[in-house]
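Structure assessment
In case you want the letters, here they are:
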Amino acid sequence: MKVLQERIRQDGLILSDTVLKVDSFLNHQVDTQLALEIGQEFARIFAGRPVTKVLTIEASGIQFAMAAGIALGVPFLYAKKKKAVTLSEQVYSAPVHSFTRQETYQVSLSQKYLGPGDKVIIVDDFLATGAALLGLVDIVEQAGAELVGVGCVIEKSFQEGRGLLEQRGVRVHSLARISSMSPGEINFIEDEPS
Ligand code: G4P
Ligand code: NA
Ligand code: NA
């Protein structure tokens, strides 16, 4: 997605060879118009496949899942990282190991909102190690729903996430794929034909 790549070049802050900050337009302050365009791009990518729900994980996947849900005309759901008292009903849950925080947490989703017959796309802001997304794939499987594919806004292609998802047979579409970066330089893999 050209406009996204250009925005990353212009406003992204490359903190190191592995960490990109996009706080000013994607995941702290959010450029709402860009978020809507990202949702439309996901809808275009998955057009022709029936989709009943968009699934993400709190917090920074929410705006893109909502935008995709709007563009597709379906609800979106977000899995929670902390067990809320109001989640006392039956939940699907999966462990996620966060490499940045060196801890494992549970993601959970009420069984009321996903089940057999649902056709799901999973959306998130970053694809890095893939840990969070693999947890969501687990939840879709527990629900007996069909996983149509995964859409990520930014993929760090030099990390293992895409490979791990593809090993599970998951189709991954990322709007900006970073092949390498270092302070002052960023390189993208050109858009896959879709
Ligand atoms: P992941 O690939 O499954 O996302 O897992 P990882 O443990 O590698 O990443 C931990 C968190 O850091 C994730 O957010 C992920 O989106 C985020 N992240 C990974 N690489 C980058 C990066 O280069 N820049 C930024 N800004 N974030 C990155 P999270 O724990 O799910 O938290 P939230 O922000 O969604 O609440
Ligand atoms: Na995220
Ligand atoms: Na994040």
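The name an unreviewed UniProt entry assigns to the chain is Xanthine phosphoribosyltransferase, from the organism Paenibacillus oceani. Of the chain, the UniProt comment under Pathway (unreviewed entry) reads exactly: "Purine metabolism; XMP biosynthesis via salvage pathway; XMP from xanthine: step 1/1."

When pLDDT is averaged along the chain, the result is 95; 95% of the residues meet or exceed 70. For this predicted complex, the interface confidence reaches an ipTM of 0.93, while the overall pTM sits at 0.95.

This brings us to the sheet that holds strand β3 (residues 53-57). Taken together, six strands build an open sheet; the order of strands is β4-β3-β7-β8-β9-β10 and the sheet is mixed. Whereas interior strands pair on both sides, the edge strands pair on one side only; in this sheet they are β4 (76-79) and β10 (185-189). When strand polarity is set aside, the average angle formed by the axes of neighbouring strands in this sheet is 25°. Its contacts with the sheet put helix α1 (residues 2-11) on β9 (172-182) and β10, and the angle it makes with β9 is roughly 30°.

Here we come to the site of ligand 1. The full set close to ligand 1 counts 22 residues, and Ala59, Phe126, Ala128, Thr129 and Ala132 are the nearest of them. Mapped onto the shell around ligand 1, the elements with two or more residues apiece are β2 (20-21), β7 (119-127) and α4 (131-143). Residue classes in the shell around ligand 1 are distributed as 12 nonpolar, eight polar and two charged.

What counts, and where the lines are drawn
What you see as residue numbers is a count from 1 along each chain, following the sequence as written. Chains carry letters and ligands carry numbers; both start at the beginning, A for chains and 1 for ligands, and go up in the order they are written. Confidence filtering applies because this is a predicted model: local features only for residues at pLDDT of at least 70, side-chain atom pairs given and counted only at 80 or more, and all residues used for totals across whole chains, interfaces and linings. UniProt positions are given in the numbering used here, feature names are shortened, and annotations may be inferred rather than shown by experiment. The predictor's confidence in any single residue is recorded as pLDDT, a number from 0 to 100. Two strands qualify as a pair provided DSSP detects at least 2 bridges between them. The numbering of helices and of strands both runs from the N terminus, where a helix is a DSSP run of H or I of at least 4 residues and a strand a run of E of at least 2. Note on definitions: angles span 0 to 180 degrees between N-to-C directions of axes, and those axes are lines fitted to C-alpha atoms, for helices only across the stretch in contact. Placing C-beta atoms from the backbone, we regard two residues as in contact once those atoms come within 7 Å. The C-beta atom of each residue is placed using the backbone, and any residue whose C-beta lies within 6 Å of a molecule or strand is treated as near it. Each residue gets one of three labels, nonpolar for Ala, Val, Leu, Ile, Met, Phe, Trp, Tyr, Cys and Pro, charged for Asp, Glu, Lys and Arg, and polar for the others, Gly among them.

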